[in-house]
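# Residue-level structural notes
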Amino acid sequence: SAEARLLLGTTKMNAQDFSEALIDLKKAAELNPQLPDVFSYYGLALLATGDVAAAAGAFRKELESDPNDFVSNLQLGVLFKQDQRYDEASSSFERALRIRPGDPGVRYQLATLDLTIGNIEQARSKLERLIKETPNFVEAHVSLATVYYRLKRKADGDRERAIVLKLNAESQASQPGAKER
């Protein structure tokens, strides 16, 4: 059944067996194109296997049946941002944020979109708020360091870089097989 194929596909995705997941998710979508989330998972599998254009199509198809699908809105926003379609990226991210208010990943995407289009102060403000609420968000610290350097605030940028190094060291030390020093 489509439901069984969806379950198999998502299980294989969790195991990072994306090419096999793709087979099951494609079959699930063929069996029941109205099955909730089927095209968002199919799109994620397509992205993981490198088929960006087909992934965008799958996310759009999911949004046709469910305009409030968080994953599809977020992923389309990322793809729009990569294609320098900034207005469409912003719209997709804003929809995703309405679905999951306060989501750190979406807020990060909006902040980096501001950084990309040159709204440096807005990016700074968003990133500072984000890391205050989620202090271990490494990518946000990296982007905030970039913002500070662009604003000629070297000391602040250096502080953020030091935080990134510390967080990365802590993450590596917690990995299985890490040796104590």
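Residues numbered from 1 in each chain as written. Predicted model: local features only at pLDDT ≥ 70, side-chain atom pairs only at ≥ 80, totals over all residues. Heavy atoms only, no water.

### Some words on the packing of aromatic side chains
The description of an aromatic ring pair uses the distance of the two centres, along with the angle that the planes make with each other. Going by this rule: Stacked, tilted and edge-to-face are the three classes assigned to paired rings of Phe, Tyr and Trp, where Trp is represented by its six-membered ring and a pair needs centres within 6.5 Å; plane angles under 30 degrees give stacked, over 60 edge-to-face, the rest tilted. Strands here mean DSSP runs of E at least two residues long; helices mean DSSP runs of H or I at least four residues long; both are numbered from the N terminus. In this scheme, a residue with accessible area under 20% of its type's maximum is buried, one over 50% is exposed, and one in between is partly exposed, where area comes from a 1.4 Å probe on protein chains only.
Summed over all chains, the structure comprises one aromatic pair. Between the aromatic rings of tyrosine 108 and phenylalanine 137, the centroid separation amounts to 5.2 Å while the plane-to-plane angle is 40 degrees, which identifies the pairing as tilted. Here tyrosine 108, found in helix H7 (residues 104-117), pairs with phenylalanine 137, found in the loop between helix H8 (120-133) and helix H9 (138-150); they are 29 residues apart in sequence, far enough to count as distant. The class for tyrosine 108 is buried, based on a relative accessible area of 16%.

### Description of the pattern of salt bridges
Operational definition: Salt bridge, as used here: a side-chain nitrogen of Lys or Arg that lies within 4 Å of a carboxyl oxygen of Asp or Glu.
Here the structure, examined in full by the defined rule, presents twelve salt bridges. The shortest N-O distance in the salt bridge between lysine 12 and aspartate 24 comes to 2.6 Å. Highlighted residues: lysine 12 in helix H1 (residues 2-14) and aspartate 24 in helix H2 (residues 18-31), separated in sequence by twelve residues. Under the relative-accessibility criterion, aspartate 24 is labelled buried at 4%. One network of salt bridges, with partners in common, ties together Arg153, Asp156, Arg159 and Glu160.

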